[in-house]
Amino acid sequence: MLRLAFAILMQLTLLTGIATAQDSGASAAPDRSATGGAQTLEDILARQRGDKIDDSFRSNDVGAGAIGAGITEQLGTLGGASDPELWRAIRYNAANLRVSAGGDVATVLVQDGGMRWLTFRDGPLRQYGGWLLLGTLGALAVFYLLRGRIRIDEPSTGRTVTRFQFIERFAHWVLAGSFILLGLTGLASLFGRMVIAPYLGKDINAGLLIWSKWVHNNVSWAFMLALIMVFVMWVAHNIPNRTDLVWIRQMGGIVGKAHPPAKKFNFGQKLIFWSVIVLGASISVSGLSLLFPFELPLFAKTFAVLNDSGLPQWLGYGVLPVELAPQEEMQLAQTWHAIVSFVLMAIILAHIYIGSVGMEGAFDAMGTGEVDEAWAHQHHSIWLEEMREKGEVTKADGASAKGATPAE
(Lines give C-alpha, C1' and ligand atoms only; values in the text may rest on other atoms or scores of the structure.)
Protein backbone atom coordinates (compact mmCIF):
# COMPACT_ATOMS: atom_id res chain seq x y z
CA MET A 1 0.00 0.00 0.00
CA LEU A 2 2.84 2.33 0.82
CA ARG A 3 4.47 1.56 -2.53
CA LEU A 4 1.23 2.40 -4.37
CA ALA A 5 0.85 5.67 -2.48
CA PHE A 6 4.48 6.55 -3.22
CA ALA A 7 4.01 5.82 -6.94
CA ILE A 8 0.90 8.00 -7.08
CA LEU A 9 2.75 10.80 -5.28
CA MET A 10 5.64 10.61 -7.76
CA GLN A 11 3.26 10.75 -10.74
CA LEU A 12 1.46 13.78 -9.33
CA THR A 13 4.80 15.47 -8.71
CA LEU A 14 5.92 14.78 -12.28
CA LEU A 15 2.65 16.05 -13.77
CA THR A 16 2.80 19.15 -11.60
CA GLY A 17 6.35 19.79 -12.83
CA ILE A 18 5.31 19.41 -16.47
CA ALA A 19 2.34 21.76 -16.05
CA THR A 20 4.53 24.31 -14.30
CA ALA A 21 7.10 24.12 -17.10
CA GLN A 22 4.44 24.60 -19.76
CA ASP A 23 2.95 27.59 -17.94
CA SER A 24 6.26 29.28 -17.20
CA GLY A 25 7.41 29.20 -20.86
CA ALA A 26 10.91 29.94 -22.04
CA SER A 27 11.26 33.21 -20.18
CA ALA A 28 12.07 31.68 -16.76
CA ALA A 29 15.59 30.30 -16.45
CA PRO A 30 15.37 26.67 -15.27
CA ASP A 31 17.22 25.60 -12.13
CA ARG A 32 19.90 23.14 -13.21
CA SER A 33 21.54 22.73 -9.82
CA ALA A 34 19.99 19.29 -9.38
CA THR A 35 21.52 18.09 -12.66
CA GLY A 36 24.95 19.52 -12.18
CA GLY A 37 24.37 22.03 -15.01
CA ALA A 38 23.07 19.49 -17.51
CA GLN A 39 19.78 19.85 -19.35
CA THR A 40 16.55 19.48 -17.41
CA LEU A 41 13.02 18.42 -18.17
CA GLU A 42 12.15 22.09 -18.68
CA ASP A 43 14.76 22.33 -21.45
CA ILE A 44 13.39 19.25 -23.20
CA LEU A 45 9.80 20.50 -23.00
CA ALA A 46 10.83 23.95 -24.26
CA ARG A 47 12.54 22.46 -27.32
CA GLN A 48 9.49 20.29 -28.00
CA ARG A 49 7.29 23.39 -27.92
CA GLY A 50 9.67 25.17 -30.28
CA ASP A 51 10.58 27.80 -27.69
CA LYS A 52 13.90 29.58 -27.94
CA ILE A 53 16.14 28.49 -25.09
CA ASP A 54 19.53 29.50 -23.80
CA ASP A 55 21.72 26.48 -24.53
CA SER A 56 24.90 28.01 -23.19
CA PHE A 57 24.85 25.35 -20.49
CA ARG A 58 25.68 22.91 -23.31
CA SER A 59 27.77 25.06 -25.65
CA ASN A 60 30.04 26.11 -22.78
CA ASP A 61 30.34 22.62 -21.37
CA VAL A 62 33.21 21.57 -23.60
CA GLY A 63 35.76 20.56 -21.00
CA ALA A 64 38.53 22.41 -19.23
CA GLY A 65 41.96 21.13 -20.09
CA ALA A 66 43.73 23.57 -17.79
CA ILE A 67 41.86 22.59 -14.62
CA GLY A 68 40.92 18.99 -15.34
CA ALA A 69 42.52 16.20 -13.39
CA GLY A 70 45.55 14.67 -15.01
CA ILE A 71 45.28 11.33 -16.75
CA THR A 72 47.60 9.76 -14.13
CA GLU A 73 45.42 10.87 -11.26
CA GLN A 74 42.41 9.03 -9.93
CA LEU A 75 39.37 9.62 -12.19
CA GLY A 76 41.54 11.76 -14.43
CA THR A 77 40.39 12.71 -17.97
CA LEU A 78 42.29 12.85 -21.19
CA GLY A 79 43.11 16.52 -21.55
CA GLY A 80 40.40 17.49 -19.11
CA ALA A 81 37.59 16.74 -21.56
CA SER A 82 35.34 13.70 -21.76
CA ASP A 83 33.99 12.30 -25.00
CA PRO A 84 30.60 14.10 -24.67
CA GLU A 85 32.41 17.36 -24.00
CA LEU A 86 34.58 16.80 -27.06
CA TRP A 87 31.56 16.25 -29.29
CA ARG A 88 29.87 19.33 -27.86
CA ALA A 89 33.00 21.32 -28.65
CA ILE A 90 32.89 20.03 -32.22
CA ARG A 91 29.20 20.85 -32.55
CA TYR A 92 29.61 24.42 -31.27
CA ASN A 93 32.84 25.04 -33.25
CA ALA A 94 34.93 25.31 -30.10
CA ALA A 95 37.28 22.44 -30.89
CA ASN A 96 40.63 23.00 -32.56
CA LEU A 97 40.38 20.69 -35.56
CA ARG A 98 43.05 20.18 -38.18
CA VAL A 99 42.82 18.10 -41.36
CA SER A 100 45.47 17.19 -43.89
CA ALA A 101 43.19 17.50 -46.95
CA GLY A 102 39.79 18.81 -47.91
CA GLY A 103 40.03 22.36 -46.65
CA ASP A 104 37.86 23.93 -43.96
CA VAL A 105 34.82 21.92 -45.07
CA ALA A 106 36.54 18.69 -44.04
CA THR A 107 36.69 19.90 -40.42
CA VAL A 108 32.89 19.87 -40.19
CA LEU A 109 32.23 16.63 -38.33
CA VAL A 110 28.82 17.56 -36.91
CA GLN A 111 26.60 19.58 -39.26
CA ASP A 112 23.36 20.62 -37.55
CA GLY A 113 22.15 22.98 -40.29
CA GLY A 114 19.71 20.28 -41.35
CA MET A 115 17.44 21.25 -38.47
CA ARG A 116 17.15 24.80 -39.77
CA TRP A 117 16.41 23.41 -43.23
CA LEU A 118 13.78 21.02 -41.82
CA THR A 119 12.16 23.82 -39.82
CA PHE A 120 11.91 25.99 -42.93
CA ARG A 121 10.65 23.09 -45.07
CA ASP A 122 7.95 22.05 -42.62
CA GLY A 123 6.99 25.63 -41.81
CA PRO A 124 7.27 28.66 -44.13
CA LEU A 125 7.86 26.62 -47.31
CA ARG A 126 4.71 24.56 -46.90
CA GLN A 127 2.66 27.45 -45.60
CA TYR A 128 3.54 30.17 -48.10
CA GLY A 129 3.97 27.79 -51.05
CA GLY A 130 0.60 26.17 -50.42
CA TRP A 131 -1.17 29.50 -50.02
CA LEU A 132 0.46 30.80 -53.21
CA LEU A 133 -1.04 27.97 -55.27
CA LEU A 134 -4.44 28.11 -53.55
CA GLY A 135 -4.48 31.90 -53.84
CA THR A 136 -3.67 31.71 -57.55
CA LEU A 137 -6.52 29.25 -58.14
CA GLY A 138 -8.88 31.44 -56.14
CA ALA A 139 -7.87 34.58 -58.04
CA LEU A 140 -8.40 32.84 -61.39
CA ALA A 141 -11.83 31.62 -60.28
CA VAL A 142 -12.84 35.15 -59.25
CA PHE A 143 -11.49 36.58 -62.51
CA TYR A 144 -13.49 34.04 -64.51
CA LEU A 145 -16.68 34.95 -62.62
CA LEU A 146 -16.10 38.68 -63.25
CA ARG A 147 -14.70 38.59 -66.79
CA GLY A 148 -16.04 35.37 -68.17
CA ARG A 149 -14.54 33.64 -71.17
CA ILE A 150 -12.86 35.81 -73.79
CA ARG A 151 -14.96 35.17 -76.90
CA ILE A 152 -14.17 35.61 -80.60
CA ASP A 153 -16.04 38.71 -81.72
CA GLU A 154 -16.39 37.73 -85.39
CA PRO A 155 -18.01 34.54 -86.66
CA SER A 156 -15.83 31.70 -87.89
CA THR A 157 -14.54 32.21 -91.44
CA GLY A 158 -13.93 28.56 -92.29
CA ARG A 159 -10.35 29.46 -93.20
CA THR A 160 -7.55 28.25 -90.94
CA VAL A 161 -3.92 29.05 -90.48
CA THR A 162 -1.26 26.80 -88.99
CA ARG A 163 -0.40 28.26 -85.62
CA PHE A 164 2.19 25.69 -84.53
CA GLN A 165 3.92 22.91 -86.42
CA PHE A 166 4.00 19.35 -85.06
CA ILE A 167 7.52 19.65 -83.69
CA GLU A 168 6.53 22.80 -81.80
CA ARG A 169 3.46 21.14 -80.32
CA PHE A 170 5.52 18.07 -79.43
CA ALA A 171 8.08 20.13 -77.52
CA HIS A 172 5.32 22.12 -75.79
CA TRP A 173 3.42 19.04 -74.61
CA VAL A 174 6.56 17.23 -73.47
CA LEU A 175 7.50 20.34 -71.49
CA ALA A 176 3.97 20.73 -70.11
CA GLY A 177 3.46 17.06 -69.30
CA SER A 178 6.82 16.64 -67.61
CA PHE A 179 6.35 19.81 -65.59
CA ILE A 180 2.95 18.65 -64.35
CA LEU A 181 4.43 15.31 -63.29
CA LEU A 182 7.35 17.05 -61.61
CA GLY A 183 5.02 19.46 -59.83
CA LEU A 184 2.68 16.72 -58.56
CA THR A 185 5.48 14.45 -57.36
CA GLY A 186 7.26 17.40 -55.74
CA LEU A 187 4.08 18.43 -53.92
CA ALA A 188 3.53 14.82 -52.82
CA SER A 189 7.02 14.73 -51.33
CA LEU A 190 6.45 18.00 -49.49
CA PHE A 191 2.85 17.54 -48.31
CA GLY A 192 2.54 13.73 -48.26
CA ARG A 193 3.16 13.31 -44.55
CA MET A 194 0.52 15.86 -43.56
CA VAL A 195 -2.07 15.30 -46.34
CA ILE A 196 -1.78 11.73 -47.64
CA ALA A 197 -0.57 9.71 -44.65
CA PRO A 198 -3.34 10.74 -42.20
CA TYR A 199 -6.09 9.70 -44.63
CA LEU A 200 -4.66 6.85 -46.71
CA GLY A 201 -2.13 5.49 -44.25
CA LYS A 202 1.63 5.60 -43.92
CA ASP A 203 2.21 2.52 -46.09
CA ILE A 204 0.38 4.04 -49.07
CA ASN A 205 2.13 7.35 -48.53
CA ALA A 206 5.54 5.64 -48.40
CA GLY A 207 4.86 3.69 -51.59
CA LEU A 208 3.60 6.80 -53.33
CA LEU A 209 6.68 8.79 -52.32
CA ILE A 210 9.04 6.06 -53.51
CA TRP A 211 7.28 6.13 -56.88
CA SER A 212 7.28 9.95 -56.86
CA LYS A 213 11.02 10.07 -56.26
CA TRP A 214 11.68 7.74 -59.20
CA VAL A 215 9.39 9.73 -61.52
CA HIS A 216 10.78 13.06 -60.38
CA ASN A 217 14.41 12.08 -60.94
CA ASN A 218 13.83 10.56 -64.39
CA VAL A 219 11.14 12.80 -65.91
CA SER A 220 13.37 15.78 -65.13
CA TRP A 221 15.53 14.88 -68.15
CA ALA A 222 12.52 15.17 -70.49
CA PHE A 223 11.71 18.56 -68.97
CA MET A 224 15.23 19.87 -69.56
CA LEU A 225 15.35 18.55 -73.13
CA ALA A 226 11.98 20.10 -74.00
CA LEU A 227 13.05 23.37 -72.35
CA ILE A 228 16.03 23.57 -74.69
CA MET A 229 13.85 22.74 -77.72
CA VAL A 230 11.29 25.42 -76.87
CA PHE A 231 14.00 28.01 -76.31
CA VAL A 232 15.70 27.32 -79.66
CA MET A 233 12.43 27.33 -81.64
CA TRP A 234 10.76 30.36 -80.09
CA VAL A 235 13.39 32.70 -78.69
CA ALA A 236 13.49 34.78 -81.89
CA HIS A 237 9.72 35.37 -81.67
CA ASN A 238 9.84 36.44 -78.01
CA ILE A 239 12.19 39.41 -78.25
CA PRO A 240 10.30 42.46 -76.92
CA ASN A 241 9.39 45.12 -79.49
CA ARG A 242 7.40 48.35 -79.69
CA THR A 243 4.10 46.61 -80.48
CA ASP A 244 4.25 45.20 -76.96
CA LEU A 245 3.69 48.71 -75.61
CA VAL A 246 0.26 48.80 -77.26
CA TRP A 247 -0.57 45.40 -75.77
CA ILE A 248 0.45 46.65 -72.32
CA ARG A 249 -1.53 49.88 -72.68
CA GLN A 250 -4.68 47.99 -73.69
CA MET A 251 -3.96 45.22 -71.13
CA GLY A 252 -4.01 42.63 -73.86
CA GLY A 253 -7.76 42.69 -74.25
CA ILE A 254 -7.96 40.52 -71.15
CA VAL A 255 -9.39 43.49 -69.30
CA GLY A 256 -11.71 45.43 -71.59
CA LYS A 257 -12.73 44.76 -75.19
CA ALA A 258 -9.69 46.02 -77.10
CA HIS A 259 -7.73 43.68 -79.39
CA PRO A 260 -4.15 44.99 -79.64
CA PRO A 261 -2.08 43.89 -82.66
CA ALA A 262 0.56 41.26 -82.08
CA LYS A 263 3.03 39.11 -83.93
CA LYS A 264 3.30 35.35 -83.33
CA PHE A 265 3.55 35.95 -79.58
CA ASN A 266 2.00 38.87 -77.72
CA PHE A 267 3.52 40.49 -74.65
CA GLY A 268 1.63 38.24 -72.23
CA GLN A 269 2.91 35.14 -73.98
CA LYS A 270 6.42 36.57 -73.94
CA LEU A 271 6.17 36.96 -70.17
CA ILE A 272 5.16 33.33 -69.90
CA PHE A 273 7.96 32.25 -72.24
CA TRP A 274 10.74 34.05 -70.38
CA SER A 275 9.34 32.97 -67.02
CA VAL A 276 9.45 29.36 -68.14
CA ILE A 277 12.93 29.70 -69.62
CA VAL A 278 14.55 31.59 -66.75
CA LEU A 279 12.79 29.88 -63.85
CA GLY A 280 12.85 26.51 -65.61
CA ALA A 281 16.59 26.80 -66.18
CA SER A 282 17.11 27.74 -62.53
CA ILE A 283 15.04 24.76 -61.40
CA SER A 284 17.02 22.51 -63.74
CA VAL A 285 20.40 23.70 -62.47
CA SER A 286 19.42 23.29 -58.81
CA GLY A 287 17.91 19.88 -59.64
CA LEU A 288 21.16 18.75 -61.24
CA SER A 289 23.00 19.92 -58.14
CA LEU A 290 20.66 17.76 -56.04
CA LEU A 291 21.19 14.75 -58.31
CA PHE A 292 24.99 15.18 -58.27
CA PRO A 293 25.78 17.11 -55.07
CA PHE A 294 29.47 16.13 -54.97
CA GLU A 295 30.11 16.80 -58.65
CA LEU A 296 28.00 19.96 -59.11
CA PRO A 297 28.15 22.15 -55.99
CA LEU A 298 26.17 25.29 -56.72
CA PHE A 299 25.95 27.76 -53.88
CA ALA A 300 29.54 28.11 -52.73
CA LYS A 301 30.54 29.49 -56.14
CA THR A 302 27.36 31.58 -56.32
CA PHE A 303 28.06 33.09 -52.91
CA ALA A 304 31.61 33.92 -53.97
CA VAL A 305 30.31 35.85 -56.98
CA LEU A 306 27.75 37.66 -54.82
CA ASN A 307 30.41 38.56 -52.27
CA ASP A 308 32.56 40.06 -55.02
CA SER A 309 29.62 42.18 -56.13
CA GLY A 310 29.11 43.55 -52.62
CA LEU A 311 25.36 42.94 -52.76
CA PRO A 312 25.07 40.78 -49.59
CA GLN A 313 27.06 43.32 -47.58
CA TRP A 314 24.93 46.17 -48.91
CA LEU A 315 21.76 44.30 -47.89
CA GLY A 316 23.16 43.69 -44.41
CA TYR A 317 23.87 39.95 -44.72
CA GLY A 318 27.62 40.33 -44.42
CA VAL A 319 30.00 38.03 -46.27
CA LEU A 320 28.28 34.81 -47.36
CA PRO A 321 30.09 31.51 -46.70
CA VAL A 322 32.10 30.20 -49.63
CA GLU A 323 33.15 26.92 -47.98
CA LEU A 324 30.08 24.66 -47.76
CA ALA A 325 29.81 20.99 -46.91
CA PRO A 326 27.92 18.77 -49.41
CA GLN A 327 25.03 18.56 -46.93
CA GLU A 328 24.79 22.34 -46.80
CA GLU A 329 24.88 22.50 -50.59
CA MET A 330 21.98 20.05 -50.81
CA GLN A 331 19.95 21.91 -48.18
CA LEU A 332 20.36 25.23 -49.97
CA ALA A 333 19.75 23.68 -53.40
CA GLN A 334 16.56 21.96 -52.22
CA THR A 335 15.29 25.18 -50.66
CA TRP A 336 15.94 27.20 -53.82
CA HIS A 337 14.55 24.39 -56.01
CA ALA A 338 11.28 24.38 -54.09
CA ILE A 339 10.81 28.16 -53.89
CA VAL A 340 11.37 28.73 -57.62
CA SER A 341 9.14 25.75 -58.44
CA PHE A 342 6.27 27.22 -56.44
CA VAL A 343 6.58 30.52 -58.32
CA LEU A 344 6.65 28.80 -61.71
CA MET A 345 3.69 26.57 -60.80
CA ALA A 346 1.62 29.66 -59.98
CA ILE A 347 2.55 31.23 -63.35
CA ILE A 348 1.73 28.01 -65.22
CA LEU A 349 -1.68 27.83 -63.55
CA ALA A 350 -2.49 31.22 -65.10
CA HIS A 351 -1.16 29.99 -68.46
CA ILE A 352 -3.33 26.86 -68.30
CA TYR A 353 -6.36 28.99 -67.49
CA ILE A 354 -5.90 31.27 -70.50
CA GLY A 355 -5.16 28.34 -72.81
CA SER A 356 -8.27 26.40 -71.81
CA VAL A 357 -11.40 27.92 -70.25
CA GLY A 358 -10.18 31.51 -70.25
CA MET A 359 -10.06 32.13 -74.01
CA GLU A 360 -12.21 30.67 -76.75
CA GLY A 361 -10.21 28.92 -79.47
CA ALA A 362 -6.88 29.15 -77.62
CA PHE A 363 -6.57 25.41 -77.05
CA ASP A 364 -6.81 24.69 -80.80
CA ALA A 365 -3.44 26.37 -81.28
CA MET A 366 -1.71 23.63 -79.29
CA GLY A 367 -4.33 20.95 -79.85
CA THR A 368 -4.54 20.61 -83.62
CA GLY A 369 -2.12 23.41 -84.45
CA GLU A 370 -4.76 25.09 -86.64
CA VAL A 371 -6.71 28.22 -85.67
CA ASP A 372 -9.54 29.98 -87.44
CA GLU A 373 -8.66 33.14 -89.33
CA ALA A 374 -11.08 35.13 -87.18
CA TRP A 375 -9.29 34.07 -84.00
CA ALA A 376 -5.89 34.85 -85.51
CA HIS A 377 -7.07 38.27 -86.66
CA GLN A 378 -8.42 39.14 -83.22
CA HIS A 379 -5.37 38.07 -81.21
CA HIS A 380 -2.38 38.09 -83.61
CA SER A 381 -3.27 40.36 -86.52
CA ILE A 382 0.31 41.20 -87.52
CA TRP A 383 1.27 37.53 -87.59
CA LEU A 384 -1.86 36.72 -89.64
CA GLU A 385 -0.86 39.23 -92.30
CA GLU A 386 2.56 37.61 -92.50
CA MET A 387 0.94 34.20 -92.96
CA ARG A 388 -1.34 35.57 -95.71
CA GLU A 389 1.65 36.89 -97.61
CA LYS A 390 3.16 33.41 -97.44
CA GLY A 391 -0.10 31.81 -98.59
CA GLU A 392 -0.49 29.88 -95.33
CA VAL A 393 -4.22 30.61 -94.86
CA THR A 394 -6.37 27.69 -96.08
CA LYS A 395 -10.09 27.10 -96.57
CA ALA A 396 -11.98 24.46 -94.68
CA ASP A 397 -11.62 22.09 -97.64
CA GLY A 398 -7.83 22.51 -97.56
CA ALA A 399 -7.56 24.84 -100.57
CA SER A 400 -5.21 27.80 -100.33
CA ALA A 401 -6.83 31.15 -99.63
CA LYS A 402 -3.91 33.43 -100.43
CA GLY A 403 -5.02 37.01 -100.76
CA ALA A 404 -8.28 36.47 -98.87
CA THR A 405 -9.84 39.58 -97.37
CA PRO A 406 -9.28 40.21 -93.69
CA ALA A 407 -11.94 39.14 -91.21
CA GLU A 408 -13.08 42.62 -90.23
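In what follows, the structure referred to is the one given above.
Residues numbered from 1 in each chain as written. Predicted model: local features only at pLDDT ≥ 70, side-chain atom pairs only at ≥ 80, totals over all residues. Heavy atoms only, no water.

A few words on the pattern of salt bridges. Inspection of every chain in the model, using the stated rule, returns seven salt bridges. Of the charged contacts, one joins Arg159 and Glu373 as a salt bridge, the two residues approaching to 2.4 Å between their closest N and O atoms. A residue pair is termed long-range when its members are at least 10 positions apart, and Arg159 in strand 1 (residues 159-162) and Glu373 in helix 14 (residues 373-379) qualify at 214 residues. Its relative accessible area of 19% is what places Arg159 among the buried residues. A single salt-bridge network, built from bridges that share partners, covers Arg159, Glu373, Glu385 and Arg388. (Salt bridge = Lys/Arg side-chain N within 4 Å of Asp/Glu carboxyl O. Helix = DSSP H or I, 4+ residues; strand = E, 2+ residues; numbered from the N terminus. Buried < 20%, exposed > 50% of the residue type's maximum accessible area, 1.4 Å probe, protein only.)

Between helix 10 (residues 299-309) and helix 12 (residues 326-358), whose axes approach to 10 Å, the crossing angle comes to 80°. Relative to helix 12, helix 10 is oriented roughly perpendicular. For the pair helix 10 and helix 12, contact is made by Phe299, Ala300 and Phe303 and by Glu329, Leu332, Ala333 and Trp336, respectively. Split into classes, the residues belonging to the contact of helix 10 with helix 12 amount to six nonpolar, no polar and one charged. (Axes fitted to C-alpha atoms, helices over the stretch in contact; angles between N-to-C directions. Parallel < 35°, antiparallel > 145°, perpendicular 65-115°, else oblique. Contact = heavy atoms within 4.5 Å. Nonpolar A, V, L, I, M, F, W, Y, C, P; charged D, E, K, R; others polar.)

Time to look at the side chain of Asp372. Position of Asp372 among the secondary structure elements: in strand 2 (residues 370-372). No salt bridge is formed by the buried Asp372; the nearest opposite charge belongs to Arg159, separated by 7.5 Å. Looking at Asp372, its side chain comes within polar contact range of the main-chain nitrogen of Thr157, at 3.1 Å. At a separation of 2.9 Å, a polar atom in the side chain of Asp372 contacts the main-chain amide nitrogen of Ala374. (Lys, Arg positive; Asp, Glu negative; His and termini not counted. Polar contact = N/O pair within 3.5 Å; in protein donor to acceptor, adjacent residues only side chain to side chain.)

Let us look at helix 15 (residues 381-389). When we look at burial in helix 15, the residues that qualify are Ser381, Trp383, Leu384, Met387 and Arg388. Looking straight down helix 15, one finds its buried side chains confined to an arc of 155°; they lie on one side. Of the residues flanking the end of helix 15, it is Gly391, one or two places downstream, whose phi is positive at about 75°. (Arc of directions from axis to C-beta.)

In this section: a nonpolar patch on the surface. Taken together, the side chains of Ile228, Phe231, Val232, Ile239, Trp274 and Val278 define a hydrophobic patch exposed on the protein surface, amounting to about 550 Å² of accessible area. Of all the secondary structure elements, the ones that give two or more residues to the nonpolar patch are helix 7 (202-234) and helix 9 (267-291). Ranked by residue count, the leading element in the nonpolar patch is helix 7, at three residues. (Patch = residues over 30% accessible without salt bridge, like charges linked within 9 Å, V, L, I, M, F, W, Y side chains within 5 Å. Areas by Shrake-Rupley, 256 points an atom, 1.4 Å probe, with all protein chains shown as cover.)

A word on the side chain of His172. Secondary-structure assignment places His172 in helix 6 (residues 166-200). Not counting residues up to four positions away in its chain, the partners in contact with His172 are Val230, Trp234, His351 and Met366.

Here Glu85 is to be found in helix 4 (residues 83-91). Sequence-wise, Glu85 and Ala95 are ten residues apart; in three dimensions their C-alpha atoms are separated by 9.8 Å.

Attention now moves to unusual backbone geometry. Positive phi is not limited to glycine here, since Met251 has a value of about 55°. Structurally, Met251 can be placed in the loop between helix 8 (243-249) and helix 9. Residue classification places Met251 among the partly exposed positions, given a relative accessible area of 47%.

What follows is about the environment of Tyr144. You can see Tyr144 is positioned in helix 5 (residues 113-147). Its relative accessible area of 37% is what places Tyr144 among the partly exposed residues. Residues Tyr144 and Tyr353 lie 209 residues apart in sequence; the distance between their C-alpha atoms is 9.2 Å. In this structure, Tyr144 is in contact with Arg149, Tyr353 and Val357, ignoring residues within four places of it in sequence.

Before going further, it helps to spend a moment on the environment of Lys301. On the secondary structure map, Lys301 appears in helix 10. Looking at Lys301, the relative accessible area reads 60%, which means it is exposed. In sequence terms Lys301 and Glu323 are 22 residues apart; their C-alpha atoms lie 8.9 Å from each other.

Every buried residue belonging to helix 10 is among Phe299, Ala300, Phe303 and Asn307, and all of these are buried. Projected down its long axis, helix 10 shows its buried positions confined to an angular sector of 100°, all on one face. The exposed residues of helix 10 that point more than 90 degrees off its buried face are Lys301, Val305, Asp308 and Ser309. Buried residues along helix 10 sit in contact with helix 11 (311-314) and helix 12. Backbone geometry just downstream of helix 10 places Gly310 in the positive-phi region, at approximately 85°.

Time to look at the packing of helix 6 against helix 12. In contact at an axis separation of 11 Å, helix 6 and helix 12 are set at 130° when each is read in the N-to-C sense. Here helix 6 lies oblique to helix 12, going by the angle between them. Crossing of helix 6 against helix 12: the hand is left-handed. Contacts between helix 6 and helix 12 involve His172, Phe179, Gly183, Leu187, Leu190 and Phe191 on the former and, on the latter, Phe342, Leu344, Met345, Ile348 and His351. Grouping the amino acids of the contact of helix 6 with helix 12 by side-chain chemistry returns eight nonpolar, three polar and no charged. (Left-handed = near helix turned anticlockwise from the far one by under 90°.)

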